[in-house]
Structures are given as C-alpha cells and as structure tokens.
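An overview of the molecular structure
If you want the building blocks of each chain, they are given just below.
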Amino acid sequence: MNLSLSSIHTHSPQPGSAAAQGGIVSIGFVVTYKAPEPMGEHFFAESFDRGTLDSWVLSKAKKEDIDEDIAKYDGKWEVEDMKDSKLPGDKGLVLKSRAKHHAISAQLLRPFIFDTKPLIVQYEVNFQQGIDCGGAYVKLLSQTPDLNLDEFVDKTPYTIMFGPDKCGEDYKLHFIFRHKNPKTGEYEEKHAKKPDSDLRTYYTDKKTHLYTLVVNPDNSFEVLVDQTVVNSGNLLTDMTPPINPAAEIEDPDDHKPDDWDERPKIQDPDAVKPEDWDEDAPKQIPDEDAVKPDGWLDDQPEYTSDPDAVKPEDWDEDMDGEWEAPQIPNALCETAPGCGAWQRPMIDNSNYKGKWKAPMIDNPNYQGVWKPRKIANPDFFEDLHPFRMTPFNAVGLELWSMSSDIFFDNFFITNERHTAERWANDGWGLKKAAEGAAEPGLVNQMMTAADERPWLWVVYVLTVAVPLILIIVFFCTGKKAVAPAAADYKKTDEPQPDVKEEEEEKAEEDQDSLARSPSVCTVASQMYAKTVSFYLTMRAALPHLGVFHNGLSKS
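These remarks concern the structure in this document. Quick caveat, the model's predicted, so the values are computed rather than measured.

Okay, the overall build of the chain next. Tallying secondary structure elements over the chain gives 11 helices and 29 strands in all. With 555 residues in all, the chain has 34% of them scored as buried. For the chain, the accessible surface area stands at approximately 34200 Å², while carbon and sulfur atoms represent 52% of it.

See below:
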C-alpha cells in the first residue's frame, strides 16, 4: 500500500477552552496520498490523477424513443477531488448533473478474451450527496465491428453490467451478462440472484466503497464490496432466466378434453333437505325475557335543540334554508337508564340454520388437474461453459441519476486476483486508512451525537451519576451501631456480656469498617464531582446546551 504516515501529532487545546478544562487531547496521524501504479497483468487501469479525461470519450448520441428535450447525453463530467476528501490530490471522475443522461467510455489496452483465466473488475464509488434514484454501474462494451464510443447509448451491446443501483427503497447491486444463444445467435440478459446482505449502508454512509466482480472459468462468480463477499454463485445455477432451457416443454397444441373432470369434491346428489329445515328463520330475534329498565323515559328524546342557540345575523333563509338550533344531548337522559322508545335487545336465534346445502363427497369421476403432455423442446441447447462470454474492449458509464456529485475512481480490469488486490490496497486501501485516521475518538463521537441530540447529555450524566449517588447513600449516610450502655442492662435485667475479648474484637472490626468506609465515600464523592465538572465542561463547549440545561432546570 502506498501509505505514508507522518510522525504522530498531539493537538493541545487552547488554554481556557472547554477542551482544555476537560483535559481533552487529540492524537492522530496524517495519511499522504500517492497515486496507485498498475503492476502485473491488466487490461485497464484508471486513477484520474492526471486530472484530465484525455483517454475518455463523451457520447454525442441521443437516446431513442424519448422526448427530444431529454434525449441528449448532456450530463456533465468532471475530474476533481472529493468534496470532503481526506486525501488531498486524490482525484476521481465525478457525475455532476441531476436529472440528466450521462455517457462516457474508454478503450481497454487490449480486448479481454474469456479463456482460461478469471475476469476481475473493480472500481470505487462514493455517493457524496447520498442517492435518491440513480445508478453507478459500469458496462463492459462488447467487441463488435461497429462499436463507436462517440455513439455510446443505452442500446450499445455490452457483455457485462456490474455495480450499484438504487431507486426509492430498492437497493440493488447488479451483475448482468448477455448470453448468446448457440442455436439462434440471439442475446439474452441473465441476472444474478439478489445478494443476501443488507446493502443499505453502502448507499447512505457517504463513504468510498470498493466494488469487485470476479468471474471464474469454472463458471463460479463472486461479488465483493470493500473486499467482503456479499454475493456468490454459479452461472449455470444462479442466474435468471437460466442459461440452459428445459429439455422438455408443454405441448402448445395439446388441449384439455371437454369432459375432463378436475373437481375433487362434489355435492352429494342423493342428499335431501330435512323436512324441519327452516331456511326462512332469522339469524337473530328479540329477547323475549328482556324487561324495560325502571326509570326509562319513553317520552324524552336522546337529543334536543339547544335552547341557548341563536340564529346567526348573516343567516339567509333563501340561501341557507330554514334555520334550526343545533342538537345537544338531553340533560334528562343523563341520569336515566335510557330515553326514547324502548326496544328489546336482539339475541341469536337457536333455530337458525340458514340456507340448506347438500354435503360434499369425494367425486367418483375425479381425474386430477389436467396438464398438457410434455414434448421435446425444439429450442433446447446445453451450454456448459457460459463463462466464455463475448469479448469486450471498452468500459463505459451510461447513467441517469436524480443525485449529483457521484464520485468514481480507480477502475481496474485484470485476470490476476493478486494484481487486483494490490491495486485495491494502493487505491481504496489508502482512502480507508485516511478515513480511519480522521475518525473521531469515543469522546468526540459522544460529543457529536449529543450535539445532534442534546437530550443525550442527560443520559450521559445519569449513567455515571446515579450509581455514584447510590454508593454515597449506602456507604456514607448509615448510622453508626452503638453498643448498649451498662445502665440499659440494669433496666431490663438482661444478662450483660462478660467476655471482654469478644467486645475488644468487635470494637476492632468496627474501627476497620469505619476506616474503610471513608475511602469509599471519598472516591465516590470525587467521581461525582468530576461527573458534574465534565457536564459543565461539555455545556461550555456547546453553547446551545446552556439553553437546554436552563429549560431542564425550570421544569
């Protein structure tokens, strides 16, 4: 890794500052950037540290079948440092425009041929502004006689599409390749299964992540993020649709006979409705045993007109109709069991049976679910080596995004895994080290969290203060055990101990206990004082916490 560390620096705070009062000292190291250099067998290497796009081609084409206003690939690209770069001088390719089509591509040093060595593709992405809806995937453009990078569009043939893509809450990490049908010569996209890993963090943490695809001659593949496998499988078994079609298919000319019976159960044709079956009986009937409660006010309505209501002055009966006072609950009904006409409550009818239906029995003519017969698939083929894909000789980014400032860096294509790992360590590994050097310590992380959520200061203080208060209460405020005086024994005629040695031993134990207790109390008191001092220090460091504290005091 091209990692250069300066000597360790200690940054002392200014005298009188909150950090100085709290005794906070920052210790860290500086990571110096050095551009990665491609070594070993490789087909493409781009770190953008020259600061130009000399080897890249901007598409001049237009998308087909869409409005002219958005058909152009007029999204802007720039080579620049990351906005919050921890490595000054480390440049990358940045997608600058929102809601625009972007297309840019570059030739490989030589075409990649799928033979006996694996394909390794890797590059870095940083969603500097987050990502709402858009992609950051790369296309490996197929080697064809008519490939023209000036006319690079969405329909330009590619061999592999790989990389992150997100819209809404749908987080994807594509691995798609175009497979050539050996019988028809037509191409069909094959999609790898979805990763089992949760990909959300890679799109939201605004950190640089390394995306790697490894496809091996034995048809196995791996997808890695930050050198950790997040998806793996085999081209023959883990792609959709499958590489090879089924050997047999359903006969499209086979049709179900008209008399085919698929009913497993039928109504018993011999069943007869019982004579006492009453289909008209209601489901519920009035409860004949119910009695109207005493005091029920039959003549009083539940609601009555508000006697205090007054017709509004601007009420127009021609426009608004006849005015009526609003209804209010009848005050007489508040103390009565009920008002209005009393009705018996409804109960379930024990004689209710509903509409009669014949019981179901096994169908003696049941033939099972009909399926068309199988025939040999006329389009069947068996490709046992899908790794042998169409050669490619260019790499391209053809993207639409509703977010800007997507940072790309350190593209690398090789057939040697150790070469790819060395390039990753010299590029992404350096970024990771720089980000690690810039990460705040535990105290700073707690302060940052409390800066965003001030209520955390109460949690911090209580977490430390409550145990200390309990220690002080239990160890420092207990009453001393007083031995009964001799006069007390005389008053009660209780036998007085006459073994002097026991008294002396107990006295020594009490002295030892008293000698230990002050030390516990002293330590606890000192820790409590430091906790309060720490809180006051943090309050001074973050002025807005003063308002928070004052509000807390008032409550």
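Here we take up the pattern of salt bridges. Throughout the structure, instances matching the rule amount to 27 salt bridges. One salt bridge in this structure joins Lys190 and Glu188, with 2.6 Å as the shortest N-O distance. A relative accessible area of 2% places Lys190 in the buried class. Here Glu188 falls in the partly exposed class, since its relative accessible area comes to 40%.

This part covers the state of the cysteines. Enumeration according to the criterion identifies 2 disulfides in this entry. In this model, Cys333 is linked to Cys339 through a disulfide, with the two sulfur atoms separated by 1.8 Å. On the sign convention where negative means left-handed, the S-S torsion of about -120° between Cys333 and Cys339 marks this disulfide as left-handed. Overall, Cys333 belongs to the buried group, its relative accessible area being 17%.

This part is about a negative patch on the surface. A cluster of acidic side chains, namely Glu313, Asp314, Asp316, Asp318 and Asp320, defines a negative patch on the protein surface. Considering the arrangement of structural elements, one finds Asp320 in helix H4 (residues 317–320). Since its relative accessible area comes to 44%, Asp320 is described here as partly exposed.

All right, on to empty space enclosed by the protein then. Enumeration over the complete set of coordinates arrives at 1 cavity of 30 Å³ or more. The volume enclosed by the largest cavity comes to roughly 30 Å³. Contributing to the lining of the largest cavity are Phe44, Val121, Gln122, Tyr123, Val138, Val395, Phe411, Phe412 and Ile413. Those elements that place two or more of their residues in the lining of the largest cavity are strand S10 (119–127) and strand S29 (406–414). For the lining of the largest cavity, the residue count by class is 8 nonpolar, 1 polar and no charged.

Take the pairing of strand S18 (residues 228–234) next. By the bridge criterion, 6 bridges tie strand S17 (residues 220–225) to S18 in an arrangement that is antiparallel. Residue pairing across strands places Leu224 opposite Val229, the latter belonging to S18. In this structure, the hairpin formed by S17 and S18 is closed by a connection of 2 residues, where Asp226 is found at a positive phi of approximately 55°.

Below, the discussion takes up the packing of aromatic side chains. Inspection of every chain in the model, using the stated rule, returns 20 aromatic pairs. Here the aromatic cluster, defined as three or more aromatic residues joined through ring pairs, consists of Phe44, Phe48, Trp56, Trp77, Tyr123, Phe162, Tyr211, Phe408 and Phe411. Looking at Arg110, its charged tip hangs above the ring of Phe43, at a distance of 4.4 Å from the centre. Stacked on the ring of Tyr158, the Lys or Arg Arg178 has its end atom at 5.7 Å from the ring centre.

Time to look at a nonpolar patch on the surface. Side chains of Leu462, Val466 and Leu470 sit close together on the surface and give an oily, nonpolar patch of about 250 Å² of accessible area. Inspection of the secondary structure puts Leu470 in helix H8 (residues 456–476).

Bringing the nonpolar core into the picture now. General note: in soluble globular proteins, nonpolar side chains tend to be found buried as a group. Formed by 65 residues in total, the largest nonpolar core has its most connected members in Leu119, Ile160, Phe175, Leu235, Leu397, Phe408 and Ile413. With near-sequence residues (within four places) excluded, Phe408 lies in contact with Phe48, Trp77, Gly92, Leu93, Leu95, Tyr123, Glu124, Val125, Ala136, Leu397 and Leu399. Counting residues in each nonpolar core, the second largest holds 6 residues, with Ile120, Leu224, Phe412 and Trp423 among its members.

Before going further, it helps to examine the environment of Trp423. Along the chain, Trp423 falls in helix H5 (residues 417–426). Ignoring anything within four residues of it in the chain, the contact list for Trp423 reads Pro36, Glu37, Pro38, Ala45, Glu46, Ser47, Gln122, Asn410, Phe411 and Phe412.

This part covers unusual backbone geometry. Cis geometry is adopted by the peptide bond preceding Pro241, which originates at Thr240 and carries an omega value of -10°. Here Pro241 shows up in the loop between strand S19 (239–240) and strand S20 (248–250). Here the phi dihedral of Ala99 falls at roughly 55°; this positive angle occurs in a residue that is not glycine. Assignment of secondary structure puts Ala99 in the loop between strand S8 (91–95) and strand S9 (100–112).

The next thing to look at is the environment of Lys155. Relative to the helices and strands, Lys155 resides in the loop between strand S12 (138–142) and strand S13 (158–167). Sequence separation of Lys155 and Glu398 is 243 residues, and the distance between their C-alpha atoms is 10.0 Å. Filtering out sequence-adjacent residues up to four positions away, Lys155 remains in contact with Glu64 and Asp65.

The next thing to look at is the pairing of S13. Across the 10 residues that make up S13, a large majority, 9, are buried. Summarising the sheet, strand S11 (residues 133–135) and S13 pair through 3 bridges and their orientation is antiparallel. Within the sheet, the bridge partner assigned to Gly134 lies in S13 and is Lys166. Judged from the 4 bridges that link them, S12 and S13 form a sheet pairing that is antiparallel. Bridging from a neighbouring strand, Leu141 pairs with Tyr158 of S13. Where S13 lies against strand S14 (residues 170–180), 8 bridges are found, and the strand directions are antiparallel. The residue bridging Asp165 from the neighbouring strand is Lys172, located in S14. Count of turn residues in the S13/S14 antiparallel hairpin: 2 residues, of which Gly168 carries a positive phi of about 65°.

Reading the values: the criteria
Residues numbered from 1 in each chain as written. Predicted model: local features only at pLDDT ≥ 70, side-chain atom pairs only at ≥ 80, totals over all residues. Heavy atoms only, no water. Helix = DSSP H or I, 4+ residues; strand = E, 2+ residues; numbered from the N terminus. Buried < 20%, exposed > 50% of the residue type's maximum accessible area, 1.4 Å probe, protein only. Areas by Shrake-Rupley, 256 points an atom, 1.4 Å probe, with all protein chains shown as cover. Salt bridge = Lys/Arg side-chain N within 4 Å of Asp/Glu carboxyl O. Disulfide = S-S within 2.5 Å. Patch = residues over 30% accessible without salt bridge, like charges linked within 9 Å, V, L, I, M, F, W, Y side chains within 5 Å. Lys, Arg positive; Asp, Glu negative; His and termini not counted. Charge placed at Lys NZ, Arg CZ, Asp CG, Glu CD. 1 Å grid on protein atoms, 1.4 Å probe; cavity = no way out; pocket = protein on both sides within 12 Å on 5 of 7 lines; lining within 4 Å. Points joined across faces, edges and corners; volume = space filled by probe spheres on them. Nonpolar A, V, L, I, M, F, W, Y, C, P; charged D, E, K, R; others polar. Pairing = 2+ DSSP bridges. Phe/Tyr/Trp six-rings, centres within 6.5 Å; stacked < 30°, edge-to-face > 60°. Lys NZ or Arg CZ within 6 Å of the ring centre and 35° of its normal. Core = buried A, V, L, I, M, F, W, Y, C linked by side-chain atoms within 4.5 Å. Contact = heavy atoms within 4.5 Å.

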